[in-house]
Amino acid sequence: MKDKRIRVALAGNPNVGKTTIFNAITGARQHVGNWPGVTVERKSGRKVHKGIAIEVVDLPGTYSLTAYSLDEVIARDYIVDERPDVVVHIVDATNLERNLYLTTQLMELGAKVVIALNMSDLADARGDVIDLKRMEEFLEIPVIKTVGSKEFGIDELLDEVLREAEKGEHHEHEIGYGGEVEEEINELENILGDDEELSKRYPLRWLSVKLLEGDKEVQKKLEGSQVEDRIKKILDKMDKEKYETAMVDKRYEAINAVLPQVCSRCVEKVTASDLIDRVLTNKYLGIPIFLALMWGAFELTFTFATPFMDFIDFSFAWLAGFVSENLEPAWLASLIGDGIIGGVGFVLIFIPNIFILFLMLSLLEDSGYLARAAFIMDRLMYKIGLHGKSFIPMLMGFGCNVPAIMATRSIEDKNDRLITILINPFMSCGARLPVYVLLAGAFFGKEAGTVVFSMYVLGMVVAILSAKLFRTTLLKGKPAPFIMELPPYRLPTLKTGIIHMWERGSMYLKKAGTVILLGAIIVWLLASLPWGVEYGAEKSIAGMIGHVLEPLVAPLGFDWKIAVALLFGFLAKEIVVGSMGVLYGAGEDETALTESLQNDPNIYPLNSLGLMAFTLIYMPCLATVGVIRKETGSWKWTLFAIVYGIGLAWLISFMIFRVGGVLGYG
Amino acid sequence: MCKVMPLIMVPEGKECRISDIHGGRGLTRHLTEMGFTYHAPVKVLRSEKGSLIVAVNGCKYALSKGIAMKIMVGEC
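Residues numbered from 1 in each chain as written. Chains lettered and ligands numbered in written order. Predicted model: local features only at pLDDT ≥ 70, side-chain atom pairs only at ≥ 80, totals over all residues. Heavy atoms only, no water.

A. Fine view of the domain arrangement of chain A. Residue and element names in this part refer to chain A. With domains assigned, chain A is organised as domain 1 (6-166), domain 2 (179-262) and domain 3 (289-476 + 493-662). Summarising the inter-unit geometry, the C-alpha centres of domain 1 and domain 2 are found 25 Å apart. Contacts between domain 1 and domain 2 engage 24 residues on the former and 20 residues on the latter. Interface area for domain 1 against domain 2, summed over the two sides, is near 2,000 Å², with a carbon-plus-sulfur share of 59%. Per-residue buried area on domain 1 facing domain 2 is highest for Glu97, Tyr101 and Glu108; these three make up 29% of the total on that side. A salt bridge links Asp215 to Arg76; the nearest nitrogen and oxygen atoms lie 2.7 Å apart. (Domains from an automatic or database assignment. Contact = heavy atoms within 4.5 Å. Buried area = accessible area lost by both parts, 1.4 Å probe. Salt bridge = Lys/Arg side-chain N within 4 Å of Asp/Glu carboxyl O.)

Here it is, written out as structure tokens:
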């Protein structure tokens, strides 16, 4: 039984060092999953403290516990429905007022709260004097000083958590809203009390307060209750707008009554962050600095990744050779050597690339710079019908579209988010690079670098024009106004950077282990059947499928082999290269593949350029399709993404082929 | 004292106090919860054709034109 296990939830505003505390408590014993029903990440971890097992859940960072964003609903539902034994509220010591607002909400929820006064070193450094004793007395909540980045105060925090969890009686905290509002709360509370089921599950005062604030999610909780109609009648009579902000003000009033007695000299001063911001967000310097940083990040990615990639490439080539020479029977050797190692191996080569790019982005994010980049790009993004917040997912798309699309959940407006999701697959992910490298290398000689680069540009142009198109036709309107906190600059730590990198990069690994493995086996089967046919020859099933598809892609200058490669590329775009290896009879050996491509009269510079463009634009890979479906919650939009991608890819390749032909490059 | 105006019209480097927020219901509350409370001092750090960086309560926020139009300030 899990009787002896204590469940703890970490709550707090964004950018207060919640993740750092979480990492400090749980170390490597973490598990990343999804919240039920939504794809927001749910991180939990274990810790044994003084012989007692503690299970820690990291709630999404929120300013409040209303229903403004998905994150807030998740955090709230967890506390209300799953009733953790203790909620640790992580408070930024340098910004008590806004942080304590969330405390008032947690108090109203009736949770047992322990405050971790985090970043207390920064508060000390700027001369704030916080009286912990008085703070505890006023709030009736234990307060522990912590410095997450130095793992300071963690043991004391856990001691307090255990103490709090063992306390049987729980004192209910209340915020007085005064006169009229209190009367309304009482009335609602009385009526709600008639429903025993509700009374057991939720604190009635909290329900009443939320109903007065016009909280839609809480209204849903009443559905089917015997008191639903009576409550509705009362609410309909009321001017809820009046209450909404009045209650927020009351909470701040309560905080401001306490603050001056707890904290002296807690005022803002000009910080180093302000000075850095003056340069980095400067009217003239902002964009050049941003471009230079991005260029640097990509340059470093490729430089660092190359030796690792060479090593992986070498290892797999050796392994494939070893298998095909030493394994019996021949079909098994072919399945493992040609099929699995050839297919999956090719994908794994690009892991260093993707991981290092994600590491760079994580470091930039943790330093606080990415939020500034969103500000710098806001005006440009507005022109294409989006705003700054859409920019970070687009940047991540260069690594892998799956985590990039998941990152769009920070965008509150539904249409803004949908557009950002739909254009994301056009950001050329790491998986498409091998296709460019192979083809550009085989057909463009010295110009190969330029050609590869132009594919990235083409992707961005397609994304921008598509966003503009969607905004003016399907999803009319202006981007929703956006507000985003700019956290103070901090020196990122390698540890958090690596943890972040792993969270995002591992999605790619998972894909390699599942979808691509399956894809590789299917490709191998289709290329080997019917039995006895030469591997990947025209008479194999793959060949037959290719011939059926050939008329569709003939206007683009593609033959049956390319048709098959593109078909298999649906599973994952890297497979385009792997299956070309099979179909051109070159296997895993890239030099051999380059040679046989050059010797094949049916593929030449012009249509290989079209093929690169096609690979870039046509339907997102299977894993991306899956994540689009999950995040949009709609098959209609998923299907739209697929059809739009294929249609556009066909059109652009056709244009490249025809225009190039007219210009005499055929 | 000066007249009430939207935050977007406040020049860089100036500090004003929030007098009202004309947001929809959800937005007004969200802003208030982020610290944009009545009478809170707000300083405009950067103003670039509608995109602003402001400091409220020692926290910095980037906000777009749409929001900057809805926040009314006075007492510059």
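B. Molecular detail of the pattern of salt bridges. Residue and element names in this part refer to chain A. All chains considered together, the criterion is met by 26 salt bridges over all chains. Ionic pairing is found between Arg163 and Glu160, a salt bridge with its closest N-O pair at 2.8 Å. Here Arg163 and its partner Glu160 are both found in helix α6 (residues 154-166), 3 residues apart, which amounts to about one turn of the helix. Note on Glu160: relative accessible area 12%, which makes it buried. Residue Lys220 pairs with Glu217 through a salt bridge whose shortest N-O separation is 3.3 Å. Taken together, the positions of Lys220 and Glu217, both in helix α10 (residues 216-221) and 3 residues apart, correspond to about one turn of that helix. (Helix = DSSP H or I, 4+ residues; strand = E, 2+ residues; numbered from the N terminus. Buried < 20%, exposed > 50% of the residue type's maximum accessible area, 1.4 Å probe, protein only.)

C. The arrangement of the side chain of A:Glu631 in detail. Residue and element names in this part refer to chain A. The residue Glu631 is located in helix α29 (residues 622-632) in this model. A residue is classified by how much of its surface remains accessible, and Glu631, at 9% relative accessible area, is buried. There is a polar contact of 2.2 Å between the side chain of Glu631 and the side chain of Arg417. (Polar contact = N/O pair within 3.5 Å; in protein donor to acceptor, adjacent residues only side chain to side chain.)

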